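What the coordinates show
Read off the chains here:
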Amino acid sequence: MDGKNDHPVWNECGNLYDNTFILAKFNNRSLSLSLFNQCYFIFYIAVVAMLFSVSSPFITRAPHPPSGAGNQLKMSQNPDKLNSSEEKLNALEEDEEESLDSSDQSGRKRIRQSAPGSHRDDTPKSSPSRPVSIEELMETAKGVTNMALAHEIVVNGDFQIKPAELPEHSLEKKVRDIVHKAFWDCLEAQLKEDPPTYDHAIKLLGEIKESLLSFLLPGHTRLRSQITEVLDLDLIKQEAENGALDISKLVKFVIGMMGTLCAPARDEDIKKLKDINEIVPLFRAIFSVLDLMKMDMANFAVSSIRPKLMQQSAEYERKKFQEFLEKQPNSLDLVTKWLQEAADDLAKLGHETLPPHCNDGATGGASALCFTAVQNQAYLKLLKWDHVNRPFPETLLMDQTRFLEMQLELEQLLLVGTVLLVTFSAAGPALIDVPGFAERIKTIIKVLLTGMHLPSFNLKESLATVGEKVCAEVNSCLAQHGFTPFSAEREAVLKGQIQAVGSPDNSISKLIDSRIQKFLENYLASSHQKSLPAIPGGLGPIQRELEEIAAKYIRLVNYNRMVFSPYYDAVLGKILTKEESQIVGKSEES
């Protein structure tokens, strides 16, 4: 944004400070910091509107927040007052939604609406199409958001609410900084009057009091009494009117109480507050630390409800998805297509026999497909998905980012495994049992393949570098253990083999890929058994990484199956019935 101050929008932003200052000065009895935060957001929207209409007169009068703004931007409530898991989720979603990391959450909090397809009859328990009002859409969107938040808390063990960080030169940050500066400058001007005016300061003390009380548990009666007694706003107003108010004494009490209530991680922040001597910067810093304490409280609430939510999350998500499905009856079209493709793939592969555990969907016939086999094949397809050109199945949208991450990890692991197999084949048995050799080679390959999925990444050049580094490491290790290093000819052969790994038609790469897929397929089939499948030959050097990915993959699959199995069963029932009828028809013709 630097160098663009001559734009009409920025000229108006220059006047924004003056108008905000006036707004703060002439609303002494009603304007608080939380209300100002709402106003800043309205200012921001108005400035954005000016980008399309520079002549907008939005600054000629003081803005007033809409009636629902308080609910949209209020701080977190006391989690002890939430009486159920669903209420806790709603409160967390409403209070801290904008603090979520947008880059990590955007793909997980939205259920895509696909165009009506040819499989609408496959949707279970869906209502017929009908006009949907704006209110219903908003309510549905809120339900989907709550479902996504509950899912994130259950699936992501590291889930935390984080403070929002605006880009340094963004328009929203510029507007926010202007409005906040005007607010605090107005407070400073009031305190410098003779005699000082304490209207805004008392209003801020009231907000601080509410925040401190929100941190207390029901059993904290002594602390509650202390806060209520010292921060008695009526008494404070009387002292201000009589010129007997000692604002520094009240602030000192506030800092001490914050130190009592904060998490250990905030002790350093509390210590810094004690070093601030000017009252306005101190107020500003207090509110900043209070926001961090509220975030800590929200994260504590998340960790507290996770065990209970784990027990109820599957039913909760299924209920929310059913509500969404009733509003959007075509919301299983992509799921139907995904399962149909899996069934077709199994039929093409010629599965003449079913796994022993697959008898729930099969009713006989040499090529009949059971529910479990089709679902397993469908889940495997997610690890080869074209995320750019194909929409993800509706029931898996909240985990699309996770499946994509695993897919990218497997693609890198495929290259690592292939290079290791080529290297050990070239070196012979001499280096197989050398401690740490495989790990060193893996580290070299992973470092050089970092960012391999970025558009700017040059795989051919990187593999050439990998070949150079691997040959150097091989020769060094051979020399250390008394073996003859590679000749120039053998080095050239190994480098050529490593560079050929990047080709889609490379036979060794295809072999490793098929074994990885077979291992994951066996892992799916044995997910409910205590014994894990044996690692296929050639995958030993990457066994640890492969099992880590497989464990994450199985957790996602099992949870998704637990939530949405009724919908999958309904869709597969029709698909497999159709398959069986086709098989019977062909047998009768023959």
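This brings us to the overall build of the protein. When helices and strands are counted, the protein shows 21 helices and zero strands. A total of 590 residues make up the protein; the buried ones form 44% of that total. Considering only residue pairs separated by 6 or more positions, the protein has 74% of its internal contacts joining residues 24 or more positions apart. Element-wise, carbon and sulfur atoms account for 53% of the exposed surface of the protein, whose accessible area totals about 30,400 Å².

So, on to the environment of T395. Tracing the backbone shows T395 in the loop between helix 15 (371–381) and helix 16 (400–427). Look at T395 and you get buried, because its relative accessible area is 4%. The contacts of T395, once residues within four sequence positions are left out, are F321, L332, V335, N560, F564 and Y568.

Scanning the model with the defined rule gives 14 aromatic pairs in all. Between F183 and W184, the ring centres sit 5.2 Å apart and the planes meet at 90 degrees, which makes this aromatic pair edge-to-face. The exposure class of W184 is buried, given its relative accessible area of 4%. Where F519 meets Y523, the ring centres are 5.4 Å apart and the plane angle is 65 degrees; that geometry is what we call edge-to-face. Of this pair, F519 and Y523 both sit in helix 20 (residues 507–525), four residues apart, which is roughly one turn of that helix. Of the two residues examined, F519 and Y523, each falls in the buried class. Among the aromatic residues, those joined into a ring-pair cluster are F321, F324, W338, Y379, F564, Y567 and Y568. Taking the ring centre of W385 as reference, the NZ or CZ of R390 above it sits at 4.1 Å.

The final tally for this structure, using the stated rule, is 23 salt bridges. The partner of K384 in a salt bridge is D513, and the shortest N-O contact between them spans 3.0 Å. One end of the pair, K384, is in the loop between helix 15 and helix 16; the other, D513, is in helix 20, and 129 residues separate them in sequence. Three or more residues joined by partner-sharing salt bridges are found here, namely E439, K442, K446, R544, E545 and E548.

It is worth spelling out the side chain of D399 at this point. Mapped onto the elements of the fold, D399 is located in the loop between helix 15 and helix 16. Residues in contact with D399, not counting those within four places in the same chain, are H151, V155 and L556.

Attention now moves to the packing of helix 16 against helix 17 (residues 437–448). Where helix 16 meets helix 17, the closest approach of the two axes is 10 Å, and the angle between their N-to-C directions is 135 degrees. The angle between helix 16 and helix 17 falls in the class oblique. For the pair helix 16 and helix 17, the crossing hand works out as right-handed. In this structure, helix 16 contributes Q412, V416, V419, L420, T423 and F424 to the contact, and helix 17 contributes F437, A438, I441, K442, I445 and K446.

Here we come to the confidence of the model for the protein. In this model, the protein carries a mean pLDDT of 75, and residues with pLDDT of at least 70 account for 68%. In this model residues 50–130 is a low-confidence stretch, pLDDT under 50, and it forms 156 contacts with partners more than four residues away in sequence or in other chains. Low pLDDT, under 50, characterises residues 359–368; the stretch is placed with 17 contacts to residues that sit more than four places away or in other chains.

Let us now look at helix 18 (residues 459–480). Its 22 residues give helix 18 an end-to-end C-alpha distance of 31 Å, which sits within 8% of 32 Å, the value for a rise of 1.5 Å per residue. Looking only at helix 18, the buried set comprises S462, L463, V466, G467, V470, C471, E473, V474, N475, C477 and L478. Structurally, helix 18 contributes buried residues whose contacts are with helix 16, helix 17 and helix 19 (488–500). One side-chain oxygen of the residue at the start of helix 18 lies 3.2 Å from the amide nitrogen of K460, identifying that residue as N458. The positive-phi residue at the C-terminal boundary of helix 18 is G482, with phi of around 80 degrees.

To continue, consider the environment of E152. Tracing the sequence through the fold places E152 in helix 6 (residues 134–155). The spatial distance from the C-alpha of E152 to the C-alpha of M398 is 8.1 Å, given a sequence separation of 246 residues.

Attention shifts here to the packing of helix 16 against helix 18. Describing two packed helices takes the angle between their axes plus the distance from one axis to the other. Closest axis-to-axis distance for the helix 16/helix 18 pair is 12 Å, and the angle between their directions is 40 degrees. Between helix 16 and helix 18, the angle is such that the two are oblique. As for how helix 16 packs across helix 18, the hand of that crossing is right-handed. Residues L415, V419 and T423 of helix 16 touch helix 18, and the partners they reach there are L459, V466, V470 and V474.

Another aspect to go through is the nonpolar core. If you look at the biggest cluster of nonpolar residues, it comprises 87 residues, and the most contacted ones within it are W338, L339, Y379, F403, I516, L520 and Y553. Here the element with the most residues in this core is helix 21 (residues 543–589); it accounts for 16 residues. When near neighbours in sequence (up to four residues on either side) are disregarded, I516 contacts L410, L414, L539, I542 and L546. With 40 residues, the next largest nonpolar core counts L187, Y198, C262 and V289 among its residues.

Attention shifts here to the side chain of Q407. As for its position among the elements, Q407 is in helix 16. Classification of Q407 by relative accessible area gives buried; the value is 7%. Those residues within four positions of Q407 in sequence are excluded, and the remaining contacts are L382, L383, K384, W385 and H387.

This next bit is on unusual backbone geometry. Comment: phi is negative for the bulk of residues other than glycine, and the bulk of peptide bonds are trans. P195 follows D194 through a cis peptide bond whose omega is 0 degrees. Tracing the chain through its elements places P195 in the loop between helix 7 (171–191) and helix 8 (199–214).

The end-to-end C-alpha distance of helix 11 (residues 247–261), which contains 15 residues, comes to 21 Å, matching closely the 21 Å that a straight helix rising 1.5 Å per residue would cover. Listed in full, the buried residues belonging to helix 11 are I247, L250, V251, F253, V254, I255, M257, M258 and L261.

Calculation rules
- Residues numbered from 1 in each chain as written.
- Predicted model: local features only at pLDDT ≥ 70, side-chain atom pairs only at ≥ 80, totals over all residues.
- Heavy atoms only, no water.
- Helix = DSSP H or I, 4+ residues; strand = E, 2+ residues; numbered from the N terminus.
- Buried < 20%, exposed > 50% of the residue type's maximum accessible area, 1.4 Å probe, protein only.
- Contact = heavy atoms within 4.5 Å.
- Areas by Shrake-Rupley, 256 points an atom, 1.4 Å probe, with all protein chains shown as cover.
- Phe/Tyr/Trp six-rings, centres within 6.5 Å; stacked < 30°, edge-to-face > 60°.
- Lys NZ or Arg CZ within 6 Å of the ring centre and 35° of its normal.
- Salt bridge = Lys/Arg side-chain N within 4 Å of Asp/Glu carboxyl O.
- Axes fitted to C-alpha atoms, helices over the stretch in contact; angles between N-to-C directions.
- Parallel < 35°, antiparallel > 145°, perpendicular 65-115°, else oblique.
- Left-handed = near helix turned anticlockwise from the far one by under 90°.
- pLDDT = per-residue confidence, 0-100.
- Expected span 1.5 Å × (residues − 1).
- Polar contact = N/O pair within 3.5 Å; in protein donor to acceptor, adjacent residues only side chain to side chain.
- Core = buried A, V, L, I, M, F, W, Y, C linked by side-chain atoms within 4.5 Å.

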